[in-house]
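Coordinate analysis (summary)
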Amino acid sequence: MKREEIVMLCTNDLGGQTRGKGFPLCDLEDRLKKGIGWTPTNSMITSHGPIAPSPWGPFGDLVLIPEPASRIRVDFGPDAAAEHFILGDIMQLDGTPWAVCPRSFLKRVLAEIEIRHGLKVKAAFEHEFVYEAVEERPNSSYALDAFRRQGLFAESYLGAMKEAGLAIDTFMPEYGPKQYEVTVGPAIGVAAADQAVAVREIARAVAHNLGGRASFTPILRPDAVGNGVHVHFSLIDAATGEPVNYDASHSDGISARAGSFVGGILANLPAITAMTAAATVSYLRLTPNRWSAAYNNLGYRDREAGVRICPVFQKSEIARQFHFEFRAADAAGSPYLVLGAILAAGLQGLDASLPIPQVCEGAPQNLPEQRLRELNIVRLPQSLTEALDLFEADKVLENTIGAELKAAYLAHKRFEAKMMEELPLEEQCVRYAKSY
Ligand code: GLU
Ligand code: MG
């Protein structure tokens, strides 16, 4: 039988799902120029299937325009289809970006940071996930045996990512049941989020080809530890390419510009969890003692801080290593929205020249109220609905996010929250594990 390879041209949508349309590989050159048709209401398809009330209904036409640099191709041999996809921007028919496109939103925030402050952003996404094919056994955390029991998955996954051009950093068995973690090297700008989509999709493709499943759900069960997505980020001077995060004269090594940026992220963190922790079950994860993040605090090497100052490994070239990690994210959020929301918050801090935030000494839940007030530390929202309320009320971020994207996101997620919150938590976890 003759086979024709198919390329999927995709967007990663408001629900963090990669959706798109396919075309024959022989048409690639033509499709790179003209893209493929897309529909506004697709943005309202929730991760559980039903469509949230759509402002567009059956009306409207858009076009998905591919970004050639994001193309991923992994060969699964003669007995399986190749994994071949390209990510793109959703555009209006006149060629301008569609206001609700997550990837275009991230590009817009990156451009504003560069135009107004002469800075570019370098970022890397660290992913935790569950490989469902392994048997759950106690005492598997970081265990060589837990690594061994995933069989051919890890080698195939890393091989596939290498073939796709991703720079692999580490792979490990993590603390939780059936939980593994993968990290890839950083990239500048929108490419970092493109990579995050690829990391998730290649894991799913490899697991599928081995007859298993990889799930990036925020949390497997209410009593488990979560699957975090930790976003490592740093600022670089757009003109020189040099990092600008470190200042040896500051007590915690933070430069004034990085301090303003991180200050903006901390100030807006409760509101942006609506985008960074986008599932109802995300809020089971964002609780104390789960090594995720429960407060909008800045921590020095603290694995429960909202934003963590990461360690540097040699004393030389500290400025090249010094960076921050945002811990209140998971893979229910589109990497474009997660990074876009973090950067929109950081941009607000830069615009307002916020002072360098103070590091929180110890766990916030153990600090007196008075001290939390002095440090501007608050508990993060404890449900998706609470996060959406804060997100809706935030008029400053709205300037960067845009009214149309904000309204579409709220309509989509409020519908999802209502649908899920009628179910017991255990059942919500089951639904999210299947959808991600
Ligand atoms: N599993 C934790 C989370 O939900 C992170 C553990 C770690 O520090 O790697 O974020
Ligand atoms: Mg981890």
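Residues numbered from 1 in each chain as written. Chains lettered and ligands numbered in written order. Predicted model: local features only at pLDDT ≥ 70, side-chain atom pairs only at ≥ 80, totals over all residues. Heavy atoms only, no water.

Our next topic: the overall build of the chain. A tally of helices and strands in the chain yields 14 helices and 15 strands. Over its C-alpha atoms the chain spans a radius of gyration of 21 Å, differing by no more than 12% from the 22 Å that the globule rule assigns to 436 residues. When the backbone C-alpha atoms are referred to their principal axes, the chain occupies close to 70 × 55 × 50 Å. Counting only residues that meet the buried cut, the chain has 56% of its 436 residues in that class. Within the chain, contacts between residues separated by at least 24 positions form 70% of all contacts whose residues are at least 6 apart in sequence. Roughly 18,000 Å² of accessible area belongs to the chain as shown, and the carbon and sulfur atoms make up 54% of that amount. Here the chain holds 43 positive side-chain charges and 53 negative ones, and the gap between their average locations is 2 Å. (Helix = DSSP H or I, 4+ residues; strand = E, 2+ residues; numbered from the N terminus. Rg over C-alpha atoms; globule rule 2.2 N^0.38 Å. Buried < 20%, exposed > 50% of the residue type's maximum accessible area, 1.4 Å probe, protein only. Contact = heavy atoms within 4.5 Å. Areas by Shrake-Rupley, 256 points an atom, 1.4 Å probe, with all protein chains shown as cover. Lys, Arg positive; Asp, Glu negative; His and termini not counted. Charge placed at Lys NZ, Arg CZ, Asp CG, Glu CD.)

Another aspect to go through is the coordination of the magnesium ion (ligand 2). With distances of 1.9 to 2.1 Å, the protein atoms coordinating the magnesium ion (ligand 2) are Glu128 (OE), Glu174 (OE) and Glu181 (OE). Summarised as a motif, the one-chain spacing of the donors to the magnesium ion (ligand 2) is E-x45-E-x6-E. Within this pair, whereas Glu128 is found in strand β7 (residues 119–131), its partner Glu174 is found in the loop between β8 (168–173) and β9 (179–184), the two being separated by 46 residues in sequence. Note on accessibility: Glu128 and Glu174 belong to one class, buried. (Donors = N, O, S within 2.8 Å, 3.2 Å for Na, K, Ca; no water.)

Turning to helix α14 (residues 425–435), its buried residues are Gln428, Cys429, Tyr432, Ala433 and Ser435. Taken down its axis, α14 places every buried residue within 165 degrees of arc, on the same side. Turned more than 90 degrees from where α14 packs its buried face, Glu426 and Lys434 sit exposed. If you follow the buried residues of α14, they end up packed against β11 (214–215), α7 (282–285) and α13 (403–421). (Arc of directions from axis to C-beta.)

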